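Structural features, examined
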Amino acid sequence: MSIERQVIEIIAEQALLAPSDVTRDATLAELGIDSLGLVESIFAIEEAFDISVPFNANEPEASEFDISTVGSIVDAVEQLVKEQK
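Let us look at the structure shown here. (Residues numbered from 1 in each chain as written. Predicted model: local features only at pLDDT ≥ 70, side-chain atom pairs only at ≥ 80, totals over all residues. Heavy atoms only, no water.)

**Some remarks on the overall build of the chain**
- Summing up its helical and strand segments, the chain has three helices and zero strands in all.
- Secondary structure of the chain in N-to-C order comes out as α-α-α.
- For a compact globule of 85 residues, the expected C-alpha radius of gyration is about 12 Å, and the chain comes in at 12 Å, within 12% of that figure.
- Principal axes of the C-alpha set define a box for the chain whose edges measure 30 × 30 × 20 Å.
- Relative to its full complement of 85 residues, the chain shows a buried share of 39%.
- Counted over contacts in the chain with a minimum sequence separation of 6, partners at least 24 positions apart contribute 52%.
- About 5100 Å² of surface is accessible on the chain, with carbon and sulfur atoms providing 48% of the total.
- Averaging the locations of the 4 positively and 18 negatively charged side chains of the chain gives two centres separated by 12 Å. (Helix = DSSP H or I, 4+ residues; strand = E, 2+ residues; numbered from the N terminus. Rg over C-alpha atoms; globule rule 2.2 N^0.38 Å. Buried < 20%, exposed > 50% of the residue type's maximum accessible area, 1.4 Å probe, protein only. Contact = heavy atoms within 4.5 Å. Areas by Shrake-Rupley, 256 points an atom, 1.4 Å probe, with all protein chains shown as cover. Lys, Arg positive; Asp, Glu negative; His and termini not counted. Charge placed at Lys NZ, Arg CZ, Asp CG, Glu CD.)

**A word on the nonpolar core**
- I11, I45, F65, I73 and V77 are the most contacted members of the largest nonpolar core, which has 27 residues in total.
- Sorting the residues of this core by element identifies α1 (3-15), α2 (35-49) and α3 (70-84) as the ones contributing at least two each.
- Top contributing element to this core by residue count: α3, with seven residues.
- Setting aside residues no more than four positions away along its own chain, I11 makes contact with V22, L28, L31, I33, V70 and I73. (Core = buried A, V, L, I, M, F, W, Y, C linked by side-chain atoms within 4.5 Å.)

**What to know about the pattern of salt bridges**
- Throughout the structure, instances matching the rule amount to three salt bridges.
- Between R24 and E4 there is a salt bridge whose closest N-O contact spans 3.5 Å. Of this pair, R24 sits in the loop between α1 and α2 while E4 sits in helix α1; the two residues are 20 residues apart in sequence, bridging distant segments of the chain.
- Judged by its relative accessible area of 27%, E4 falls in the partly exposed class.
- The salt bridge partner of D75 is R24, with a shortest N-O separation of 2.8 Å. Here the residue D75 occupies a position in helix α3, and R24 occupies one in the loop between α1 and α2, the gap between them amounting to 51 residues. (Salt bridge = Lys/Arg side-chain N within 4 Å of Asp/Glu carboxyl O.)

**Some remarks on the environment of V7**
- Counting through the fold element by element, V7 comes out in helix α1.
- Taking the C-alpha atoms as reference points, V7 and E59, 52 residues apart in sequence, are found 22 Å from one another.
- When near neighbours in sequence (up to four residues on either side) are disregarded, V7 contacts I45, F49, I73, V74 and V77.

**Regarding the environment of I10**
- Relative to the helices and strands, I10 is located in helix α1.
- The spacing of I10 and A48 is 38 residues in sequence and 9.1 Å in space, taken between C-alpha atoms.
- Residue contacts for I10: discarding those within four places in its chain leaves S41, A44, I45 and A48.

Given below as structure tokens:
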């Protein structure tokens, strides 16, 4: 399974949506994911890919991890996985 597919499935689970309903250009807010759902998604992503996401839950906008859209999250996870190898 691709990284993109796994990330979308994690986000879809948090949003209580089908993965097919989650698009790359959707924001987490549009999907109904609140700050707690965001933190749970980050933890699930870290566990799924065995990576450490540089994310500050207290100041998400100051984070190095771009959470502006699903696509930006996918791209950031792909980069973190690549750096880990």
